[in-house]
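Descriptive structure summary
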Amino acid sequence: MPAAFNRRNFIKTSALTGAALTLTNSIKAFSAAKKDKVRMGIIGVGFRSHEHMGNFLQREDVEITAIADPQQRSIDEALKAFKQYNRPMPAVYKNGDYDYKNLLKRDDVDAVMICTPWQWHSIQAIDAMNAGKIPGMEVCGAITVQECWDVVNVSEKTKIPLMMMENVCYRRDVMAVLNMVRKGMFGELLHGQGGYEHDLRGVLFNDGITAYNSGVEFGKNAYSEAQWRTEHNKNRNGELYPTHGLGPVAIMMDINKGNRMTKLSSIATKARGLHKYIVEHPKGGPNHPNAKVNFKCGDIVNTQIQCANGETILLTHDVSSPRPYNLGFRVQGTEGLWQDFGSGGNKQGHIYFQKEMNHSHKWDDTEKWLTEHDHPLWKKYGASAEGAGHGGMDFFVDHAFIECIKRGTEFPMDVYDYASWYSITPLSEKSIIEGGQVQNIPDFTRGKWKTKKQIFALGDDY
């Protein structure tokens, strides 16, 4: 695994470079003292956690001391990674859904990565902060708006920070566009789009025989995400997975750092895709019990968002229809726009700058623009990120999490980003129930957005 060893060698030397960022009046790490090593616990060691574990196990400045998951199969797979990288075996907590609380009691855990089913995220983040552990929060949407407030309130009370682990914010083409936005090439931003447009039918129905398209089971008879994720599509109708599409646009628009989202309205199509999949699947059919299930989530959900500084954002959730993967980004300003039609980070899509292109009204290929304006982080660490998950994005988000804890500095995506991004889900559900009625998005910063400064990827370190 040459790429893995490249990343590991990089970590050995990176800690010696770069000055710590200036501490602000925002929530800071539980200790401002610099650390040489971060002792990690991982709560939930299913498929998603494996990318994080792989990155952490290659770092000399990280020690994974404990893992927690109630499923033996997940524990067994996780322990294989420790053997692969010849690292000490962690303590294991597998005795039911709440054994993770015993992990949180350990003195040799500084921070935890939460990679559990969505309904557990906020509960476990609150428990972690109350135990003095810094949580890294995997992506999804909240169940209720109140839980978003609860996480913010506990973080402010305990002074324990939370990092929102939105890896798409570090996608190479997205960061190149961010670089162009900050150079003023798009002019004043007007509108952004993004979403989760990904055919997940083979994930939502999975019996564990193969990775995808393996069956029509969900719930207790299924495997991995199909055990729990499909239930959300069955019981909820809204923007269930907002942060991949929202996060990059929110950073470009300085949401919670000089700007904020103020209100939204959502509408949904009828729900047809999941039922059709079951009926037409070789293991299903019209007489299969799951063919009788009434799935609630519309196949396509659109959410329009208004921002305090006058911009709009459009999010699209589309996981039940046949389609190629695409997050559907669009960044539009007074001087031009970029639209992403590719599968991510592969320099597909179109771009237009009216002055540079002499008002031609013709799209230009993005490759030369994204290459010329490649973000300094990718120029510096692109080779080190080779082989990391999701085209290298996971390397960057994990690196930021560890370095901020070591240096006692502010997270680039913080608890206020968690709350505002997560809250889109329950607010969109309420809007759809009310026929698209506008919903106010709470100011989780309590006014601090007016003076908070953007720090995401402003240096060349993290």
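Further up the page is the structure itself.
Residues numbered from 1 in each chain as written. Predicted model: local features only at pLDDT ≥ 70, side-chain atom pairs only at ≥ 80, totals over all residues. Heavy atoms only, no water.

1. Looking at the nonpolar core
Counting residues in each nonpolar core, the largest one holds 135 residues, and the members touching the most others are Met-40, Ile-64, Phe-401, Met-413 and Tyr-418. Per-element accounting of this core gives the leading share, 9 residues, to helix H14 (residues 393–407). Sequence-distant contacts of Met-40, defined by excluding residues within four places in its chain, comprise Phe-56, Val-62, Glu-63, Ile-64, Thr-65, Ala-66, Val-109, Ala-111, Val-112, Met-113, Phe-401 and Ile-402. (Core = buried A, V, L, I, M, F, W, Y, C linked by side-chain atoms within 4.5 Å. Buried < 20%, exposed > 50% of the residue type's maximum accessible area, 1.4 Å probe, protein only. Helix = DSSP H or I, 4+ residues; strand = E, 2+ residues; numbered from the N terminus. Contact = heavy atoms within 4.5 Å.)

2. Quick word on the sheet that holds strand E3 (residues 91–93)
The parallel open sheet is built from 6 strands, whose spatial order is E3-E2-E1-E4-E5-E6. Pairing within the sheet leaves two strands with one partner each, and these edge strands are E3 and strand E6 (163–164). Where strand E1 (residues 38–43) meets strand E4 (residues 111–114), 4 bridges bridge the pair, whose relative direction is parallel. Following the sheet pairing, Met-40 is matched in E4 by Ala-111. Relative to strand E5 (residues 134–137), helix H5 (residues 121–130) is tilted by about 160°, and along the sheet it contacts E1, E4 and E5. (Pairing = 2+ DSSP bridges. Axes fitted to C-alpha atoms, helices over the stretch in contact; angles between N-to-C directions.)

3. Comments concerning helix H3 (residues 72–84)
Between its terminal C-alpha atoms H3 stretches 19 Å, which fits the 18 Å expected from 13 residues at 1.5 Å a residue. Listing the buried residues of H3 in full gives Ser-74, Ile-75, Ala-78, Leu-79, Ala-81 and Phe-82. Taken down its axis, H3 places every buried residue within 145° of arc, on the same side. For H3, the secondary structure elements touched by its buried residues are helix H2 (47–57), strand E2 (62–68) and E3. Trailing H3 by a residue or two, Asn-86 shows a phi angle of about 55°, which is positive. (Expected span 1.5 Å × (residues − 1). Arc of directions from axis to C-beta.)

4. Concerning the packing of helix H6 (residues 145–158) against helix H15 (residues 415–422)
Helix packing geometry: the angle between the two helix axes and the distance between the axes. Across the interface, H6 lies against H15 with an axial gap of 9 Å and an inter-helix angle of 175°. What the angle tells us is that H6 and H15 run roughly antiparallel. Along the contact surface, H6 presents Glu-147, Cys-148, Val-151, Val-152, Ser-155 and Glu-156, while H15 presents Val-415, Tyr-416, Tyr-418, Ala-419 and Tyr-422. Split by residue class, the contact of H6 with H15 holds 8 nonpolar, 1 polar and 2 charged. (Parallel < 35°, antiparallel > 145°, perpendicular 65-115°, else oblique. Nonpolar A, V, L, I, M, F, W, Y, C, P; charged D, E, K, R; others polar.)

5. Describing the pairing of E4
Neither face of E4 is left uncovered, since the one carrying Ala-111 and Met-113 and the one carrying Val-112 and Ile-114 both have all their residues buried. With 4 bridges joining them, E4 and E5 adopt parallel strand pairing. Along E5, the bridge assignment pairs Met-113 with Gly-136. In the classification by handedness, the crossover that spans E4, the intervening H5 and the parallel E5 is right-handed. (Right-handed = clockwise from strand over helix to strand, strands pointing away.)

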